[in-house]
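Secondary and tertiary structure notes
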Amino acid sequence: MSKNAMPGSMDLLLDTMCNTFGGVMFIAISLSLAFFVSRTLDARKENIEKIKEELRRQKQEQELLETRRESLSKKLSSMKRTSSQYKQAKSDLPEKVTKLAQDQKDLQRENDLAKQDLAELDRKNRQLEKENGKKESEITELTSRNTDKVDKLREEYRKLSFLADQLRSQLERTPKLKFHFSHKEQTKSKPYVIILKGNQLYQLGTEYLVSSREVRVKRYDKTLVLTPIKGTPVAAVSSANLASVLGSYSKSTAFLWILVHPDSFENFIEFRRLLRKAAMPIHWYIDTSLVLYLGDSTYSAGY
C-alpha cells in the first residue's frame, strides 16, 4: 500500500478478518490456559470426565482453526494469482499477500501448540485411567478378601454355636453321680479339686468356681465344666516331691476331690497309695465328662 493512499474495501475486510480471528484465538488460548491452570486433580474420576470434555472442545477448536486456515489459504492463493496478473500495476497487494502469509504461519504455529496441548491431555487421561484401574483392582481384591474372612468367621461361629448347644444338651442329660467309701466321715473342709486325665495331674484347687493356671472353668448355673490346660505327669509324683507338687494344698483346711478319667486309672492307683501313706483325706470317682455340680457345703471324705 502506498504511504498516502486510502485503504480500500479489500484492505478493510482483511484487517477485520485478521483482527477478529486473532482476537478469537487469543481469547480461546487464554481461556484454555486459565482452565488448565485453575484445575486440580484431586478427584480423579471427575477430572477424567472434565479432561475428556476439554479434549472434545479443543478438537472442535482445532477443526475450526483448520477450517479458517484452509479458508485463508484459499484466499491467499487467490490473492497470489491476482497479484501475478497485475505485476506492473502500483498496488498494495504484495503487502497484503505477505501479511496473509504471516498470518498463515501464525495460525500454523498456534495449531501446532494446540496439538501439543491435546497430546499432553491425552497422556494425562491415559495415566489417570491406568491409576484408576489399578485402584479399582485393589479395592476389588480387598473386598473379596474381607468377604471370604467374614464367611469363614460366620461358618466357624455357626459350628461353635452348634457344638455349645450339643454340650449344653449333654450336660442337662448327664445324671449326678454320688459315691460312698469305707471309712468315710463328714467334713466341713473345702474340696481341693484335682483332675487325672491322659496320665497328667491337673490341679484346680479350693477356688473351683474360677479357673486356675492348670484348669479352665466355665459355669452354667449350678454346673461347672472343667477343661484341663497344663498338668504334671502322674508317674513323676513320688513321696519325696508330693508336698511340692501339691504346694497349695493344706490338709488342715481341705480334702482332695479327684476326678479320674478311665485312661489314667492305673496311674491313679499308685497315686492314691502315696496319698494314703501321707494320711491325706480324698474323695474320688471315675469321670469322663469333667463336670462338677454345686450343692451344699457338707462333703464325705475317706482315707
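Scroll up a little and you will see the structure.
Rules behind the numbers
- Positions within a chain are numbered from 1, following the residues in the order the chain's sequence is written.
- Reporting in this predicted model follows two pLDDT cut-offs: at least 70 for local features of residues, and 80 or more for side-chain atom pairs to be given and counted; totals over whole chains, interfaces and linings ignore these cut-offs and use all residues.
- Heavy atoms from the whole structure form the basis of all side-chain values; hydrogens and water molecules are not counted.
- Ring pairs are drawn from Phe, Tyr and Trp, using the six-membered ring of Trp, whenever the two centres fall within 6.5 Å, and their geometry is named by plane angle: stacked under 30 degrees, edge-to-face over 60, tilted for the rest.
- Secondary structure follows DSSP: runs of H or I at least 4 residues long count as helices, runs of E at least 2 residues long count as strands, and numbering of each begins at the N terminus.
- Type-normalised accessible area, obtained with a 1.4 Å probe on protein chains alone, sets the label of each residue: buried when under 20%, exposed when over 50%, and partly exposed for intermediate values.
- For the purposes of this section, nonpolar cores are sets of buried Ala, Val, Leu, Ile, Met, Phe, Trp, Tyr and Cys residues that join through side-chain atoms within 4.5 Å.
- The contact rule is simple, with two residues in contact once any of their heavy atoms fall within 4.5 Å.
- Helices are assigned an expected span. That span is 1.5 Å times one less than the residue count.
- In protein, a polar contact requires one atom able to donate a hydrogen and another able to accept it; more generally it is a pair of N or O atoms within 3.5 Å, and residues adjacent in sequence count only if both atoms are side-chain atoms.
- For this document, the term salt bridge refers to a Lys or Arg side-chain nitrogen within 4 Å of an Asp or Glu carboxyl oxygen.
- A pair of strands is considered paired only if DSSP assigns at least 2 bridges between the two.
- Geometry is summarised by axes, namely lines fitted to C-alpha atoms with helices restricted to the contacting stretch, and by angles between N-to-C directions that run from 0 to 180 degrees.

Each aromatic ring pair is characterised by the separation of its centres together with the angle its planes make. For the structure on display, the rule yields six aromatic pairs. Taken together, a centroid distance of 6.2 Å and an interplanar angle of 90° make the contact between Trp257 and Tyr285 edge-to-face. Residue Trp257 is located in strand β7 (residues 254–260), and its partner Tyr285 is located in strand β8 (residues 282–286); the two are separated by 28 residues in the primary sequence. Centre to centre, the rings of Phe268 and Trp284 are 4.9 Å apart; their planes meet at 55°, and the pair counts as tilted. Within this pair, whereas Phe268 is found in helix α5 (residues 265–277), its partner Trp284 is found in strand β8, the two being separated by 16 residues in sequence. Considered together, Phe268 and Trp284 belong to a single accessibility category, that of buried residues. Grouping aromatic residues by their ring pairs yields a cluster made of Phe255, Trp257 and Tyr285.

Take the nonpolar core next. Leu201, Leu246, Leu256, Ile258, Phe271 and Leu275 are the most contacted members of the largest nonpolar core, which has 21 residues in total. Counting residues per element, the ones that place at least two in this core are β2 (190–197), α4 (242–245), β7, α5 and β8. With near-sequence residues (within four places) excluded, Ile258 lies in contact with Ile194, Leu196, Phe268, Phe271, Leu275, Ile282, His283, Trp284 and Tyr285. In terms of nonpolar packing, the next biggest core, distinct from the first, is built from 15 residues, Tyr202, Leu204, Leu224 and Leu292 among them.

Take α5 next. Counted at 1.5 Å a residue, the expected span for α5 with its 13 residues is 18 Å, and the 19 Å between its end C-alpha atoms agrees. The inward-facing, buried residues of α5 contact β2, β3 (200–205), α4, β7 and β8. At the exit of α5 stands Ala279, carrying a positive phi of roughly 55°.

Next up on the list: the environment of Tyr285. Overall, Tyr285 belongs to the buried group, its relative accessible area being 6%. Separated by 24 residues in the primary sequence, Tyr285 and His261 have C-alpha atoms spaced 8.7 Å apart.

A separate point is the environment of Tyr202. For Tyr202, the location among the structural elements is in strand β3. By relative accessible area, Tyr202 is classed as buried at 12%. Distance in space between the C-alpha atoms of Tyr202 and Val215 is 6.5 Å, their sequence separation being 13 residues. Ignoring anything within four residues of it in the chain, the contact list for Tyr202 reads Val193, Ile194, Ile195, Lys197, Glu214, Val215, Pro228, Ile229, Lys230 and Gly231.

Its location among the elements puts Ser137 in helix α3 (residues 93–173). On the basis of relative accessibility, which here comes to 47%, the residue Ser137 falls in the partly exposed class. A polar contact of 2.9 Å, which involves the side chain of Ser137, links it to the backbone oxygen of Gly133.

So, on to the pattern of salt bridges. Within the structure shown, the criterion is met by nine salt bridges. The structure contains a network of salt bridges with shared partners spanning Glu54, Arg57 and Glu61.

The sheet built from three strands is open, its strands ordered β4-β5-β9 with antiparallel pairing. Each of the sheet's edge strands pairs with one partner strand only, and the pair in question is β4 (215–220) and β9 (291–293). Here the strands of the sheet are splayed against their neighbours by 25° on average, with no regard to which way each runs. Pairing of strand β5 (residues 223–228) with β9 involves three bridges; the strand directions are antiparallel. When the sheet's bridge partners are listed, Val225 is paired in β9 with Val291.

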